[in-house]
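# Structural features, examined
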Amino acid sequence: MSTIEHWINGTATSAGSTRTGPVFNPATGAQQSEVLLADAADVDTAVSAASKAFETWADSSLTQRQRIMFRFRELLVQHEDELAKLISSEHGKVVEDARGEIVRGREVVEYACGIADALKGSFSDQVSSGIDVHNFRQPLGVCAGITPFNFPIMVPCWMHPIAIATGNTFVLKPSERDPSASNFVAKLYAEAGLPDGVFNVVHGDKTAVDTLLDHPDIAAVSFVGSTPIARYVHEKATASGKRVQALGGAKNHAVVLPDADLEFAANHLTAAAFGSAGQRCMAVSVGVAVGEAGDALVDVLKDKANDITVGPGDDPASEMGPLVTRDARQRVIDAVATGQTQGADVVVDGRDLTVNGYEDGFWVGPSLLDRVTPDMAAYQDEIFGPVLAVARVETVDEAIALINNNPYGNGTALFTSSGAAARKFQREVHVGMIGINVPIPVPMSYYSFGGWKDSLIGDSPIHGPDGVRFYTRTKTVTTRWPDVQRSAKDAATALHF
Ligand code: NAD
């Protein structure tokens, strides 16, 4: 069985690690490799390499950094097939979906290719007689990224291209469930000419995370994952004086008004709820049917959920893959059972799904629960699986109130043909990313990504302009250049008289 090593100072290494964790193929249910789990000393080795590399990388020219990013971007294009298959084999998502996340991650690299523009400072001429003021941004030092399993390429790409292009060095601690993609990225960076030690990967669990959060040589921590861990990371790392951006979980509502094109809305809700088996932070997990949209919407959703082909991620016929682990599968099955016990109608039940030839895979089929109410666990919990809960309300105001009373505020969507309703919705809803007739409103890389309330702890969204601000700090310089000859003459004249 192969062992997935760390990547420190430009080379794959086991450092001093003795502990390992299993990495599964979710479609077969079999363990396919083991990943090293770093101890504190291994993390320290990576941070030391990154600290050393920072001494020269912080002084590299903008042109050099951009050229490396351009080369890295080209390598991501060249290796897209291989990388997509690698992601699919450990995560379970279909290869086409893995390809999609590579493209979205690459867009952040493309933003980093233009970092010289994003880093321009400002200048004020003659703020007082003979005095000018300008400012510029400098990197922080060694930055750490701690990332979830669900987008093993895209989410780390929200962090490292911006951190590195702004002159920092980076230590990534990816999810231990699908760790291989991060090592692949490290090799591509090396091939692109990134100096050793600028990008490092340490694999591990809570031990590695805690060591990073407390480490005196880490300047900033970027975290994406579930809300309880986001809160923990934010508290612990800010307590040790670090900058922190911490993005948490979600419960995204898609509201369908009676004036919407129901077929169009249902197509998008189905893709957004069941794509990647619902394991997306922007997945639609609650459909809010307003007024008479209810029965018709549930009927169409039922047909579409039943039509989804579930199978292994590397089969081009598959539209949805398995859950990431056996535990995740059981958690989703339990959530559907609890929903039923608490009074929801189970319209489509994916609990007993099996896939021929893959009997031990971590399967749950698309599941549709109707008449879900806010007091039910199926409404309150982030199930993070292929379960769409439908709640019914009478008015758009009730729909907005439902969303605003939910503790999460990552994404939301409205399906309507009314501009007035859309305008009211986007102004009144307490959510960070909103789609109007767009189900998964993921902003482009030149905007920043981040939710409200329990979906983002602290105040920093990720990548785009907020990413540049997060990974740099400003110096403001006030300058006077006295005319030396003239000052001397003035002084002599003053003496003479
Ligand atoms: P997770 O919180 O379990 O793990 C995230 C990272 O934290 C991993 O690297 C993991 O090793 C580490 N970790 C886990 N438990 C820890 C602990 N007790 N102490 C220290 N570190 C710990 O999340 P996950 O299951 O990998 O990913 C799914 C979650 O991520 C969902 O809640 C999803 O909504 C969220 N997510 C959010 C966004 C967003 O943009 N807001 C994006 C992607 C995923």
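About the cut-offs
- Residues numbered from 1 in each chain as written.
- Predicted model: local features only at pLDDT ≥ 70, side-chain atom pairs only at ≥ 80, totals over all residues.
- Pairing = 2+ DSSP bridges.
- Helix = DSSP H or I, 4+ residues; strand = E, 2+ residues; numbered from the N terminus.
- Axes fitted to C-alpha atoms, helices over the stretch in contact; angles between N-to-C directions.
- Contact = placed C-beta atoms within 7 Å.

- With an unreviewed UniProt entry as reference, the chain is termed methylmalonate-semialdehyde dehydrogenase (CoA acylating), source organism Haloechinothrix salitolerans.

## Focus on the sheet that holds strand S4 (residues 19-25)
- With mixed pairing, the three strands of this open sheet are ordered in space as S1-S5-S4. If you trace the sheet from one side to the other, it starts and ends with strand S1 (2-4) and S4, each paired once. Strand after strand, the sheet turns through a mean of 35° between neighbouring axes, direction not considered.
- As defined by bridge partners, S1 adjoins strand S5 (residues 30-37) across three bridges and the pair is classed as parallel. Its bridge partner being in S5, Thr-3 is matched across the sheet by Glu-34.

## Concerning the environment of Ala-273
- Tracing the chain through its elements places Ala-273 in helix H11 (residues 262-274).
- In this structure the C-alpha to C-alpha distance between Ala-273 and Lys-251, which are 22 residues apart in sequence, comes to 11 Å.
- With residues near it in sequence (within four places) discarded, Ala-273 still touches Gly-278, Ala-283, Val-284, Ser-285 and Leu-388.

## Concerning the sheet that holds strand S23 (residues 472-480)
- Strand order across the open sheet formed by three strands is S6-S7-S23, with antiparallel pairing between neighbours. The open sheet terminates on both sides in strands that have one partner only, identified here as strand S6 (123-128) and S23. When strand polarity is set aside, the average angle formed by the axes of neighbouring strands in this sheet is 30°.
- Bridging between S6 and strand S7 (residues 131-139) involves three bridges; their strand directions are antiparallel. Within the sheet, the bridge partner assigned to Ser-128 lies in S7 and is Ile-131.

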